[in-house]
Amino acid sequence: MSIVSINDHARATRPTIVKDAAVDVAVRDVVYDTKELNLWYGDVHALKNINLAIHEKEVTAIIGPSGCGKSTYLKTLNRMVELVPIVRKTGSITYNGRNIFDKVFRVEDLRTRVGMVFQKPNPFPKSIYENIAYGPKIHGIRDKKVLDEIVEQSLRGAYIWDEVKDRLKDNAYSLSGGQQQRLCIARCLAIEPDVILMDEPTSALDPKSTAKVEELIQKLKQDYAIVIVTHNMQQAARISDRTAFFLNGEVVEYDKTATIFSKPADQRTEDYISGRFG
Amino acid sequence: MPHPKLSTSHKSSVSIRDMIEAKKSSRQLGAKLEKGIPVILLLIALVSILTTVGIVLTLFTEMIEFFRRVPIMDFFTGTVLKPLSQTPEFGVLPLITGTVLSSAVAMAVAAPVGLMTAIYLSEYASERARKIFKPMLEVLAGIPTIVYGFFAFTFVTPLLREIIPGLEATNILSPGIVMGIMIIPMIASLSEDAMRSVPNSMRAGALALGSTKLEVTGRVVIPAAFSGIVASFVLGISRAIGETMIVTIASGSSKNFTFDLTQSMQTMTAYIVEVTGGDAAAGSTIYYSLYAVAMTLFVFTLLMNVLARYVSRRFREEY
Ligand SMILES: Nc1ncnc2c1ncn2[C@@H]1O[C@H](COP(=O)(O)OP(=O)(O)O)[C@@H](O)[C@H]1O
Ligand SMILES: [Mg+2]
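Just so it is clear, the structure is predicted and the values come from calculations on it, not from any experiment.

Rules used in this analysis
Residues numbered from 1 in each chain as written. Chains lettered and ligands numbered in written order. Predicted model: local features only at pLDDT ≥ 70, side-chain atom pairs only at ≥ 80, totals over all residues. Heavy atoms only, no water. Helix = DSSP H or I, 4+ residues; strand = E, 2+ residues; numbered from the N terminus. Buried < 20%, exposed > 50% of the residue type's maximum accessible area, 1.4 Å probe, protein only. Contact = heavy atoms within 4.5 Å. Areas by Shrake-Rupley, 256 points an atom, 1.4 Å probe, with all protein chains shown as cover. Lys, Arg positive; Asp, Glu negative; His and termini not counted. Charge placed at Lys NZ, Arg CZ, Asp CG, Glu CD. Near = heavy atom within 4 Å. Polar contact = N/O pair within 3.5 Å; in protein donor to acceptor, adjacent residues only side chain to side chain. Nonpolar A, V, L, I, M, F, W, Y, C, P; charged D, E, K, R; others polar. Salt bridge = Lys/Arg side-chain N within 4 Å of Asp/Glu carboxyl O. Buried area = accessible area lost by both parts, 1.4 Å probe. Domains from an automatic or database assignment. Core = buried A, V, L, I, M, F, W, Y, C linked by side-chain atoms within 4.5 Å. Phe/Tyr/Trp six-rings, centres within 6.5 Å; stacked < 30°, edge-to-face > 60°. Patch = residues over 30% accessible without salt bridge, like charges linked within 9 Å, V, L, I, M, F, W, Y side chains within 5 Å. Pairing = 2+ DSSP bridges. Axes fitted to C-alpha atoms, helices over the stretch in contact; angles between N-to-C directions.

Now for the overall build of chain B. Assigned secondary structure in chain B consists of 14 helices and 2 strands. Along the three orthogonal principal directions, the C-alpha set of chain B runs to about 100 × 60 × 35 Å. Scored against the burial criterion, the 319 residues of chain B give a buried share of 41%. For chain B, contacts bridging at least 24 residues in sequence account for 69% of all contacts bridging at least 6. With an accessible surface of roughly 17,400 Å², chain B has 68% of that area assigned to carbon and sulfur atoms. Distance from the positive charge centre (26 side chains) to the negative charge centre (21 side chains) of chain B: 14 Å.

In structure tokens form, the structure reads like this:
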């Protein structure tokens, strides 16, 4: 088990939280570092002074009752939240050391490195093949052979290749909901992001499809940092390395998942995970 | 089961179930009516179908009479149209080129402008900008075509003649452009509807992959709305083909067979106006020629609709 990050120079320039890294969780580089983030929708103060570090090759779960700001936080990480015109924010989020709100950091570049999977599967109304090839194509990859290769790799990566390899020309909406969601994950993989953000990716799926997606997340974390919003606490406990508990726009507690679920520091966390509210 | 509120507050009051039972008889009539509804609605729907069939049949029988007098090949391949001459000739090609060219000019104006307007309104405009823009478009759509014709003749043609010295006082270019302006609101509004009905989740999916707004519009929204956009274009073309007043006023009545937009030409519709406006004696060949031209016009619009159905089905993206 590697304890120390290889790239010391990078470490020195990146704010890295190590204080909670015990021996059973390797110390990993921080991909995203959120500092004193506040966000408002008009007058609604949706995120209050958030400080959170997200580590590479880990699954970070965000839990909390509905309306507490989980989706808002996730959408802030790839700046999709700014599509709502009334949003205002203060504070900073660095992505690999660069402030994502910085004018010189093009939002398209950020989103090319950070994939997102939505609550409801949202494939494009195109063929399975075109869904995967869309990302590489807009980023300038035209060579048919290369695209074929990427499509196969991505579909394999999302463990859906065997189910769709004979029907790549079919419309994506001919797939089942669970397959559509894995197709959307494959669509992310096709642009080789570093981070994948998932907003309740299994809440619209049946148990069997959910299990498949969870299994997939476990495999993906070998290569990607994954941030997953979930209202299913068993799911957070099963698949995540760290868990952040949000309540009314604040982070009540953020720690290793094992700690959060066995001996939470805050009474409110305990109440929530034991099902007393939410 | 009695309603809890009713049964607790008034022990003796009737239950809801009883009330429903009591009303049952008065609903008998309604039930009978319900059976008759499909038949009544079918009859009403038949009115429009029968009217269409009636019109087509009339056109057809009168057209047959025309083709007894003028060989069908002379009509469809003839480039000379001289209905009032001592030695009349009834070639329809001058009218077809007039119609096709004026519609082509109209679409060259209306398709890009209408689509760009739709893109702006659907993808870029703020809620406020749209609230101002849309009613203005509707005003444009509500202007009577005679006003457009007048506008083409007295304003657009003189303006164009400044730029194109060879332009005749009556020409096909000016009414073509003005017809295009007339059609813009229709294309803009129908295309915008089609684009706005593309779910936002698809835009979000594309943006999250690092697309720019233009890429989202061009590669996701427009393809998803394609059948609606094609439908708006076809309606636009049909409108242009069927438009009468603007070309009658601004293009004159020369029956030139040419592809030169600066010249005066006549469209099928304008020909029908001219002939019915003059005194075409019933039973004369020129009278029957109306039906042959009208039938040709009808076939044109029919073909457009068939083509549109094919195109929109062929390229439809279903979601
Ligand atoms: N587009 C929006 N406009 C205004 N308020 C919003 C918008 N989206 C979310 N909110 C508000 O922000 C708060 C957090 O919402 P959200 O992040 O969606 O919560 P969660 O994902 O935890 O259920 C809620 O109070 C919600 O009403
Ligand atoms: Mg949410």
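All right, on to the site of ligand 1 then. All names here are of chain A. Surrounding ligand 1, one finds Tyr-41, Ala-46, Pro-65, Ser-66, Gly-67, Cys-68, Gly-69, Lys-70, Ser-71, Thr-72 and Val-84. In this structure, Lys-70 approaches ligand 1 through a main-chain N or O atom, which is 2.9 Å from an oxygen atom. Look at ligand 1: alone it shows 560 Å² of surface, and the protein chains cover 64% of it. For the shell around ligand 1, the element with the most residues is helix α2 (residues 70-77), which contributes 3 residues. For the shell around ligand 1, the class distribution of residues is 5 nonpolar, 5 polar and 1 charged.

All right, on to the pattern of salt bridges then. Per the counting criterion, the structure on display carries 25 salt bridges over all chains. The salt bridge partner of A:Asp109 is A:Arg106, with a shortest N-O separation of 3.4 Å. Residue classification places A:Arg106 among the partly exposed residues on the basis of a relative accessible area of 43%. In this structure, B:Glu89 and B:Lys82 form a salt bridge, with 3.7 Å as the shortest nitrogen-oxygen distance. Note on B:Glu89: relative accessible area 36%, which makes it partly exposed. Classification of B:Lys82 by relative accessible area gives partly exposed; the value is 34%. Among the ionic contacts, a cluster of salt bridges with common partners joins A:Arg79, A:Glu82 and A:Lys89.

It is worth spelling out the interface of chain A and chain B at this point. The partner chain B presents 20 residues to the 25 residues of chain A that form the contact. Counting the surface chain A buries against chain B, the share from its top three residues, A:Pro125, A:Tyr134 and A:Ile138, is 30%. The interface formed by chain A and chain B contains 0 salt bridges. Remark: the boundary between chain A and chain B carries 3 residue pairs in polar contact (both at pLDDT 80 or more). Residue classes in the side of chain A that touches chain B are distributed as 13 nonpolar, 5 polar and 7 charged.

Okay, the domain arrangement of chain B next. Residues and elements named next belong to chain B. By domain assignment, chain B separates into domain 1 (4-69) and domain 2 (81-314). In this assembly, 10 residues from domain 1 lie in contact with 12 residues from domain 2. Of the roughly 1,000 Å² buried where domain 1 meets domain 2, counting both sides, 81% is carbon and sulfur surface. Sorting the residues of domain 1 by area buried against domain 2 places Leu-59, Phe-66 and Arg-69 first, and these three jointly supply 55% of that buried surface. Our count for the contact surface shared by domain 1 and domain 2 stands at 0 salt bridges. Our enumeration of links across domain 1 and domain 2 arrives at 2 residue pairs in polar contact (both at pLDDT 80 or more). For the side of domain 1 that touches domain 2, the class distribution of residues is 6 nonpolar, 1 polar and 3 charged.

For the rest of this paragraph, the subject is the nonpolar core. Residue and element names in this part refer to chain A. Tyr-32, Tyr-73, Leu-77, Tyr-95, Val-195 and Phe-246 are the most contacted members of the largest nonpolar core, which has 58 residues in total. The residues touching Tyr-32, leaving out its near neighbours within four places in the chain, are Leu-52, Ala-53, Ile-54, Leu-77, Asn-78, Ile-93, Thr-94, Tyr-95, Ile-100, Leu-110, Val-114 and Val-195. By size, the runner-up hydrophobic cluster in this structure holds 43 residues, among which are Ile-132, Leu-147, Ile-239 and Val-252.

Attention now moves to the packing of aromatic side chains. Here a ring pair, both rings aromatic, is described through the centre-centre distance and the interplanar angle of the planes. Per the counting criterion, the structure on display carries 16 aromatic pairs over all chains. Between A:Tyr95 and A:Phe105, the ring centres sit 6.5 Å apart and the planes meet at 40°, which makes this aromatic pair tilted. With A:Tyr95 in strand β4 (residues 87-95) and A:Phe105 in the loop between β5 (98-99) and α3 (107-113), this pair connects stretches of sequence that are 10 residues apart. Neither A:Tyr95 nor A:Phe105 differs from the other in exposure class; each is buried. Note on B:Phe66 and B:Phe90: the rings are 5.6 Å apart at their centroids and 85° apart in plane angle, and the pair reads as edge-to-face. Highlighted residues: B:Phe66 in helix α3 (residues 28-69) and B:Phe90 in strand β2 (residues 89-90), separated in sequence by 24 residues. Accessibility classification places B:Phe66 together with B:Phe90 in one group, the buried group.

Turning to the side chain of A:Arg182, a few remarks are in order. Mapping A:Arg182 onto the fold places it in helix α7 (residues 177-189). The contacts of A:Arg182, once residues within four sequence positions are left out, are A:Ala158, A:Tyr159, A:Ile160, A:Glu163, A:Lys212, A:Val213 and A:Leu216.

Now for a nonpolar patch on the surface. Nonpolar side chains collect at one region of the surface, where B:Leu33, B:Ile37, B:Ile40, B:Leu41 and B:Ile44 lie side by side and expose about 480 Å² of accessible area between them. Considering the arrangement of structural elements, one finds B:Ile40 in helix α3.

We now examine the environment of B:Ile181. Residue and element names in this part refer to chain B. For Ile-181, the location among the structural elements is in helix α8 (residues 173-196). For Ile-181, a relative accessible area of 26% puts it in the partly exposed group. Sequence spacing of Ile-181 and Ala-141 is 40 residues, and the spatial spacing of their C-alpha atoms is 9.2 Å. With residues near it in sequence (within four places) discarded, Ile-181 still touches Val-109, Leu-140 and Tyr-148.

Bringing the sheet that holds strand β3 (residues 59-63) of chain A into the picture now. Residues and elements named next belong to chain A. Strand order across the open sheet formed by 6 strands is β6-β7-β8-β3-β9-β10, with mixed pairing between neighbours. Both edges of this open sheet fall to β6 (114-117) and β10 (250-256), since each of them pairs with a single strand only. Across the sheet, the axes of successive neighbouring strands diverge by a mean angle of 15°, strand direction being ignored. As paired strands, strand β7 (residues 195-199) and strand β8 (residues 225-229) are joined by 5 bridges and run parallel to one another. The residue bridging Ile-196 from the neighbouring strand is Ile-226, located in β8. Strands β3, β6, β7, β8 and β9 (242-247) of the sheet are contacted by α2, whose axis makes an angle of about 155° with β7. Strand contacts of α7: β6 and β7, with the helix running at about 170° to β6, the strand carrying the most contacts.

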